[in-house]
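The residues making up each chain are set out below.
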Number of protein chains: 2
Amino acid sequence: MTVQKQAEAARVAASTLALATRGEKDAALHAIADALVARSPEIVAANQRDVAAGREAGLTEAVLDRLALTTDRVAAVAEAVRAMAGLPDPVGEVIRGSTLPNGLQVRQLRVPLGVIGIVYEARPNVTVDAAGLCLKSGNAVLLRGSSSAVHSNTALVEVLRGALADRGLPADAVQLVDPSSHDTVKQLMRARGLVDVLIPRGGASLIQSVVTESTVPVIETGTGNCHIYVDAAADPDLALRILLNAKTQRTSVCNAAESLLVHADAADAFLPRALAALREAGVTVHGDDRVRRYDESVRPATEEDYATEYLALEISAAVVDSLADATAHIARYGSGHSEAIVTDSTRAAQQFTAQVDAAAVLVNASTRFVDGGEFGFGAEIGISTQKLHARGPMGLPELTSTKYVVTGDGHTRS
Amino acid sequence: MTVQKQAEAARVAASTLALATRGEKDAALHAIADALVARSPEIVAANQRDVAAGREAGLTEAVLDRLALTTDRVAAVAEAVRAMAGLPDPVGEVIRGSTLPNGLQVRQLRVPLGVIGIVYEARPNVTVDAAGLCLKSGNAVLLRGSSSAVHSNTALVEVLRGALADRGLPADAVQLVDPSSHDTVKQLMRARGLVDVLIPRGGASLIQSVVTESTVPVIETGTGNCHIYVDAAADPDLALRILLNAKTQRTSVCNAAESLLVHADAADAFLPRALAALREAGVTVHGDDRVRRYDESVRPATEEDYATEYLALEISAAVVDSLADATAHIARYGSGHSEAIVTDSTRAAQQFTAQVDAAAVLVNASTRFVDGGEFGFGAEIGISTQKLHARGPMGLPELTSTKYVVTGDGHTRS
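All values reported here derive from a predicted model rather than from experimental measurement.

Describing the environment of Ser366(A)
Tracing the sequence through the fold places Ser366(A) in the loop between β13 (360-365) and β14 (382-384). As a C-alpha pair, Ser366(A) and Leu176(A) span 190 residues in sequence and 37 Å in three-dimensional space. Residues within four places of Ser366(A) in sequence aside, it is in contact with Ile242(A), Asn245(A), Ala246(A), His411(B) and Thr412(B).

Okay, here's the thing in structure tokens:
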């Protein structure tokens, strides 16, 4: 089936789903969770075919690990779907409302976006997460996963569609788009009018190609060149704790720190300890001359280092002469994801939060907190680094649009 | 100067403007209003050159009227700018906030989008309106008006920039983009990373070309193929009043009615009177056979008629057998702008408002009310007919993005 045909079927399904009650949607989510658990043997078997093929194709162990599903992992995915059933339904929420001077009643309600396309890489749990979030928010979804997960995704989507049909909801609300050629991504990008929004999740090159080629509106996600700025007025202990957490607690994620900026006045007290601790944690540091003065094992940083999202045990570092130099550096190299200042000065904190243009700005906290789960959204479809529609962690409300409902009793305009 | 250079200068201006207080921005708005009034002789003189050139080039009287500025019109534009100063500042508004279980404080604040590009047609008042709204919301603006208004817009932008500079704000927050070639629109559309959003205002073909070609995110505005559906349970008097108002009160606007749907059970009571009243008001009706049965002067409607936004004293019309047929017709031909039902049945009203997918759905009220001014927004940059970011009339909040500010005291993630 062509993507066009799939998108048309999704639109039909979306118009039904938009009218489904919370009760109907939550029942379907529970049915999905039950079916995932009940059918986990066949899901795991399908996944093993993908893992075997991936190993043969020379995928790294890290990628194979992200690809792998076990009975426990399927159970965890099912649990996440049950948790979505517990979240409030964003659809129908009245976000503004008033009675106009002429008596007209105006309400602005949340409504589903319609059809959402998601283009993503290896991890098959995204298939279920995304489908669950789209279902809960009343949207149909077209899932364009990775060809390396094709058997897993086919098995999962079959389970999802079966559970929807069992609960009387349209199976076409969840469809897998053929991952075997790049052409299907292109078709998704050109399905303007049928697909309401495209969310690419994955590496920077995937996101860039979707963002520049798509005529369907896009929500850009996930590139995080995040900075920790240690201010002149920072407590070195606190700064060290935050730096290590942001850099090393999990390196492969977009909210991990990738660059360290230290105010010149804090460098003597902070940098020797920080560099030693980073070395001990196995982190390679790429620093400017002022950083390297403290530790000759620090490698010289290039322009490219400052622009790099390592997603690994590496970090770039520089000494800056002022908070303004720090924010200028962040404006130049940052990706607008999450930026942190460590300081005891309220004035510095205020200046930093006002001047830094990013989805999230943190004061005395690790960048790792910028996450839908941590923010209490219950679930997350991704982290937007663009300014339009949604910025930062996207939960259920970000998967909705709005509609004005205006009620009168024969009102005419004069 | 190239558009690229202008956009770079706008970004610098935007970073200053983002930090301007409401007091500073409002003072600049008043300075703009004062300067517009003080310098209205030169503005009107510049406009007369445009009008003379337009007349020579054979522009219609309607277009020439939209182009023309008089001292009174300039005064009205200045008054609108003063009114913007009275509106609340959207920047800094906290729209969500909580303290997480771990004690982290999370606030989601409104921040400016950054640099906004506006591509529009003849009316020079848009130049001032758009600049005022962007200034109030802390955004820099690149104005790409029509070549037919080049002298007017040059004079207006000079006044705006002078007033900004007088109040210590960056003049480059308001810049006119060369209207003499289409290439400058193309450059705006390719200025991804420098321009945060592009808002095309004008005819359907302009909007379509921007929407399909732009790599800068776009907010689609203004196409309104709006329907009035007269339900079986409609009061014919009320329906007639609403129909005439929506069709004839002002025909050239996107929230005017362009199509009439009448339930078969209401046709006998309603259509003869409605068709007579429309004829009397000078409206040409294009109807299906069931409409034409009531009045032989009704022209036969083609597929194209139902898809047409006439913006004139013309309307398409059809008889439908059910509310479901009405909503199906609207789903097929509507542009997602404003759709009205006239009914005395709460059930029909509820079904219509739930099923019709549009920026605004009205019950027993004229579509002409769908307007930022009528909704009490104080001002409007356009009416979005897309679902992402903003839908319906866009006021100041729609010209903002958000930023999460997260405050801890050494919080790390475990």
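Re helix α2 (residues 22-38) of chain A
All names here are of chain A. Here α2 spans 24 Å end to end across 17 residues, near enough to the 24 Å set by a 1.5 Å rise per residue. Where α2 is concerned, the buried positions are Lys 25, Asp 26, Ala 28, Leu 29, Ala 31, Ile 32, Ala 33, Ala 35 and Leu 36. Close packing links the buried residues of α2 with α3 (40-56), α5 (71-86), α6 (125-136) and α7 (150-166).

Quick notes on the domain arrangement of chain A
All names here are of chain A. Splitting chain A by domain gives domain 1 (3-220 + 387-406) and domain 2 (226-369). Computed from C-alpha atoms alone, the centre-to-centre distance between domain 1 and domain 2 is 35 Å. Opposite the 4 residues of domain 1 that make contact, domain 2 presents 4 residues. Counting the surface lost from both domain 1 and domain 2, the interface buries some 320 Å², and carbon and sulfur atoms represent 36% of this. The largest share of the area that domain 1 buries against domain 2 comes from Lys 387, Arg 391 and Gly 392, three residues that together contribute 77% of it. Here domain 1 and domain 2 share 2 salt bridges between them. Lys 387 is paired through a salt bridge with Asp 357; the nearest N and O atoms lie 2.9 Å apart.

Remarks on the sheet that holds strand β12 (residues 338-342) of chain A
In space, the 10 strands of this open sheet follow the order β10(A)-β9(A)-β11(A)-β8(A)-β7(A)-β12(A)-β13(A)-β16(B)-β2(B)-β1(B), with mixed pairing throughout. Edge positions in the sheet fall to β10 (299-300) of chain A together with β1 (94-99) of chain B, since each of these pairs with one other strand and no more. Relative to strand β16 (residues 400-411) of chain B, strand β2 (residues 105-112) of chain B runs antiparallel, the two being bridged by 8 bridges. Across the sheet, the residue bridging to Gln105(B) is Thr407(B), located in β16(B). Lying on the sheet, helix α10 (residues 236-248) of chain A is in contact with β7 (226-230), β8 (257-263), β11 (314-320), β12 and β13 of chain A together with β16 of chain B; it crosses β16(B) at an angle near 120 degrees. Seen against the sheet, helix α11 (residues 264-280) of chain A touches β7, β8, β9 (284-287) and β11 of chain A and runs at an angle of roughly 145 degrees to β8(A).

A short note on the packing of aromatic side chains
For the structure on display, the rule yields 10 aromatic pairs over all chains. Here the aromatic rings of Phe377(A) and Tyr404(B) are separated by 6.4 Å at their centres, their planes lie at 50 degrees, and the arrangement is tilted. Placement of the pair is Phe377(A) in the loop between β13 and β14 and Tyr404(B) in strand β16, with the two residues belonging to separate chains. Across the pair, exposure class does not vary: Phe377(A) and Tyr404(B) are buried alike.

Remarks on the UniProt feature "domain: Aldehyde dehydrogenase" (unreviewed entry) in chain A
Feature annotation in UniProt places "domain: Aldehyde dehydrogenase" (unreviewed entry) on residues 3-283 of chain A, given in this structure's numbering. Across residues 3-283 of chain A one finds 53% helix and 15% strand; the C-alpha atoms that close the span lie 44 Å apart.

Thoughts on the packing of α2(A) against α6(A)
All names here are of chain A. Interaxial distance between α2 and α6 falls to 9 Å at its minimum, and their mutual angle equals 160 degrees. Relative to α6, α2 is oriented roughly antiparallel. Classified by chirality, the crossing of α6 by α2 is right-handed. Listed contacts from α6 to Arg 22, Lys 25, Asp 26, Ala 28, Leu 29, Ile 32 and Leu 36 of α2 are Val 128, Gly 132, Leu 135 and Lys 136. By residue class, the composition of the contact of α2 with α6 is 6 nonpolar, 1 polar and 4 charged.

Things to note about the environment of Ser345(B)
Residues and elements named next belong to chain B. Along the chain, Ser 345 falls in the loop between β12 (338-342) and α15 (346-355). A residue is classified by how much of its surface remains accessible, and Ser 345, at 22% relative accessible area, is partly exposed. It is 8.6 Å that separates the C-alpha atoms of Ser 345 and Asp 231, two residues lying 114 residues apart in sequence. The residues contacting Ser 345, other than those within four sequence positions of it, are Asp 231 and Ala 233. Within the structure, Ser 345 has its side chain in polar contact with the backbone nitrogen of Arg 347 (distance 3.3 Å).

A word on the relation of the copies chain B and chain A
Aligned on chain A, chain B shows an RMSD of 0.0 Å; the corresponding rotation is 180 degrees and the shift along the axis is 0.0 Å. Each copy turns onto its partner about a two-fold axis. Looking at the rotation axis and the C-alpha trace of chain B, the residue lying nearest is His389(B), at 1.8 Å. Take the interface residues of chain B: 100% of them recur as interface residues in chain A, which is what a same-surface contact looks like.

Quick look at the sheet that holds strand β4 (residues 140-144) of chain B
Residues and elements named next belong to chain B. Pairing is parallel in the open sheet, where 4 strands are placed in the order β5-β4-β3-β6. Each edge of the open sheet is held by one strand with a lone partner, namely β5 (174-176) and β6 (197-200). Averaged over all pairs of adjacent strands, the angle between strand axes in this sheet comes to 20 degrees, irrespective of strand direction. Both strand β3 (residues 115-119) and β4 contribute to a ladder of 5 bridges, which runs parallel. Bridge pairing links Ile 118 to Leu 143 in β4.

Focus: the side chain of Asp295(A)
Residue and element names in this part refer to chain A. Along the chain, Asp 295 turns up in the loop between α12 (289-292) and β10. On the accessibility criterion, Asp 295 (10% relative accessible area) is buried. At 2.8 Å, the side chain of Asp 295 forms a polar contact with the side chain of Arg 279. Within the structure, Asp 295 has its side chain in polar contact with the backbone nitrogen of Ser 297 (distance 2.8 Å).

Let's talk about the interface of chain B and chain A
In this assembly, 68 residues from chain B lie in contact with 68 residues from chain A. At the junction of chain B and chain A, the tally comes to 10 salt bridges. Among the ionic pairs, Asp196(A) bridges to Lys387(B), the shortest N-O distance being 3.7 Å. Within the residue set of the side of chain B that touches chain A, elements represented by two or more residues are β2, α9 (204-213), α10 (236-248), α15, β13 (360-365), β15 (392-394) and β16 of chain B. Broken down by element, the side of chain B that touches chain A gets its largest block of residues, 11 residues, from β16(B). Broken down by class, the residue content of the side of chain B that touches chain A amounts to 31 nonpolar, 21 polar and 16 charged.

Re unusual backbone geometry
Residue and element names in this part refer to chain B. At Leu 311, a residue that is not glycine, the phi angle is positive and equals roughly 55 degrees. Counting through the fold element by element, Leu 311 comes out in the loop between α13 (303-307) and β11 (314-320). Residues other than glycine seldom take positive phi values, yet Asn 364 does so here, at roughly 55 degrees. Structurally, Asn 364 can be placed in strand β13.

Looking at the pattern of salt bridges
Residue and element names in this part refer to chain B. Under the criterion given, the structure shown has 48 salt bridges over all chains. Note that Asp 26 and Lys 136 form a salt bridge whose closest N and O atoms lie 2.8 Å from each other. With Asp 26 in helix α2 (residues 22-38) and Lys 136 in helix α6 (residues 125-136), this residue pair connects regions lying 110 residues apart in the sequence. Using a relative accessible area of 11% as the deciding quantity, one classes Asp 26 as buried.

Comments concerning the side chain of Asp196(A)
Residues and elements named next belong to chain A. As for its placement among the helices and strands, Asp 196 is situated in the loop between α8 (183-189) and β6 (197-200). The class for Asp 196 is buried, based on a relative accessible area of 14%. There is a polar contact of 3.2 Å between the side chain of Asp 196 and the side chain of Arg 11.

What counts and how
Residues numbered from 1 in each chain as written. Chains lettered and ligands numbered in written order. Predicted model: local features only at pLDDT ≥ 70, side-chain atom pairs only at ≥ 80, totals over all residues. Heavy atoms only, no water. Helix = DSSP H or I, 4+ residues; strand = E, 2+ residues; numbered from the N terminus. Contact = heavy atoms within 4.5 Å. Expected span 1.5 Å × (residues − 1). Buried < 20%, exposed > 50% of the residue type's maximum accessible area, 1.4 Å probe, protein only. Domains from an automatic or database assignment. Buried area = accessible area lost by both parts, 1.4 Å probe. Salt bridge = Lys/Arg side-chain N within 4 Å of Asp/Glu carboxyl O. Pairing = 2+ DSSP bridges. Axes fitted to C-alpha atoms, helices over the stretch in contact; angles between N-to-C directions. Phe/Tyr/Trp six-rings, centres within 6.5 Å; stacked < 30°, edge-to-face > 60°. UniProt positions renumbered as here; feature names shortened; annotations may be inferred. Parallel < 35°, antiparallel > 145°, perpendicular 65-115°, else oblique. Left-handed = near helix turned anticlockwise from the far one by under 90°. Nonpolar A, V, L, I, M, F, W, Y, C, P; charged D, E, K, R; others polar. Polar contact = N/O pair within 3.5 Å; in protein donor to acceptor, adjacent residues only side chain to side chain. Least-squares fit on C-alpha atoms with pLDDT ≥ 70 in both.

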